[in-house]
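Listed here are the chains, written in short residue letters.
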Amino acid sequence: MAAANAAYYAKKDPFADFITAPEISQMFGEMLAVWILNVMPALPESPVALVEAGPGRGTLMADILRVIQRTAPDLYQRCNLYLVETSPRLRAVQKTALQAYPDRPVQWLDSVSDLPEMPMIFIANEFLDALPVRQFVYKGKEEWAEHYVYQAGMIEKPVQSLPAAPIFNRQITEGKIAAGDIVEVCEVGQVVIEQVTRHLCHYGGVALFIDYGYAQNLCGDTLQAIANRQKTSPFVAMGEADLTTHVDFLAMREVALKQGGQVPAIQTQGEFLKQLGIILRANRLMAQANAADQQEIAQALRRLTDPQEMGTLFKVMAIAHPAMPPLPAFDYV
Ligand code: SAH
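In this text the structure is predicted, and so the values were computed from the model without any measurement.

What counts and how
- Residues numbered from 1 in each chain as written.
- Predicted model: local features only at pLDDT ≥ 70, side-chain atom pairs only at ≥ 80, totals over all residues.
- Heavy atoms only, no water.
- Near = heavy atom within 4 Å.
- Polar contact = N/O pair within 3.5 Å; in protein donor to acceptor, adjacent residues only side chain to side chain.
- Areas by Shrake-Rupley, 256 points an atom, 1.4 Å probe, with all protein chains shown as cover.
- Nonpolar A, V, L, I, M, F, W, Y, C, P; charged D, E, K, R; others polar.
- Salt bridge = Lys/Arg side-chain N within 4 Å of Asp/Glu carboxyl O.
- Helix = DSSP H or I, 4+ residues; strand = E, 2+ residues; numbered from the N terminus.
- Buried < 20%, exposed > 50% of the residue type's maximum accessible area, 1.4 Å probe, protein only.

1. Regarding the site of the ligand
Working step 1: Taken together, 16 residues are adjacent to the ligand, and Thr-20, Gly-54, Gly-56, Glu-85 and Asn-125 come closest.
Working step 2: Gly-54 is positioned such that a nitrogen or oxygen atom in its backbone is 2.6 Å from a nitrogen atom of the ligand.
Working step 3: If the ligand stood free it would expose 570 Å²; the protein chains cover 90% of that surface.
Working step 4: Grouping the constituent residues of the shell around the ligand by class yields 8 nonpolar, 5 polar and 3 charged.

2. Looking at the pattern of salt bridges
Working step 1: Under the counting rule described, the total for this entry stands at 14 salt bridges.
Working step 2: Of the charged contacts, one joins Arg-57 and Asp-13 as a salt bridge, the two residues approaching to 3.6 Å between their closest N and O atoms. Note that Arg-57 is positioned in the loop between β1 (48–53) and α4 (59–71) and Asp-13 in the loop between α1 (2–11) and α2 (21–24), a separation of 44 residues in sequence.
Working step 3: The class for Asp-13 is partly exposed, based on a relative accessible area of 32%.
Working step 4: Note that Glu-194 and Arg-198 form a salt bridge whose closest N and O atoms lie 3.4 Å from each other. You can see Glu-194 and its partner Arg-198 sitting in helix α8 (residues 187–203), 4 residues apart, about one turn around the helix.
Working step 5: A relative accessible area of 46% places Arg-198 in the partly exposed class.
Working step 6: When salt bridges with common partners are traced through the structure, they connect Glu-30, Asp-63, Arg-66 and Arg-281 into a single cluster.

As structure tokens, then:
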């Protein structure tokens, strides 16, 4: 999965195959900017790293910078930009997208292990879902097999030792697993969460991870491939299709809590955007628009927030330094 996605993002235009929230509407980035403006005053008084992982076309960061520059020029001046991106082709696209902000030069990073030593605001939209998972199959009696890719499908091999992952403790202790159930573990994602949380706890700051996934105790094979805007088999034409899985937010949250991060309950994207005022924003944009644009804005609002569309399937997880005040648009349980 790692190799196939590295090849895919290096040579293909992913946005010919799928569309993401920032590409649906500028309102998505604007609401994230509102959130950032709300939390920034609680950060230590110093330069702040504004970091995005997997920035795609750079649209989200450009929308965020536009709002911060206009409404809080002093905070804008404190932001140092970092983009975590492995695809050279997408780095070039991001550079063009951010040309409008020459006073905020971008530094590209290969991985989150290279984060700069300063407080940070970290965002990642549809980043975790692209990271490789391992699939384990429960065989009963505390025994497991692992899926391996073989020709155009999967085969099972016995597992000697399971990786450290919250889901195994949960599934087994709650006795909720049956023979044949599949459990997905995203070790690379767990490491990202660990590193980001450690950084936040040391230097201060906040992180937002937005992705499609589940915040319940679930099993199942969620691997899917998209090519030419259609679902396809993950095993044919590797590197030609985008491979994703649903993010296990319960596991990611447990990893962040274990590192000492403040992690409010996982929020849905619809509720998150509404609490930040996306309906008001849509109404204001519509008041200045012609009839065709009004329809487009209303449709974008629906796609981003409706439970039938992205509103519920997409989740938002925040991680903060433990001393940060409660974060806006989240519930604490
Ligand atoms: N956040 C963007 C793009 C999502 S597509 C949006 O919402 O539109 C996934 C992004 O993650 C792409 O930019 C891809 O190149 C990047 N990516 C995928 N795997 C990565 C990895 N292991 N390290 C860094 N970036 C990665």
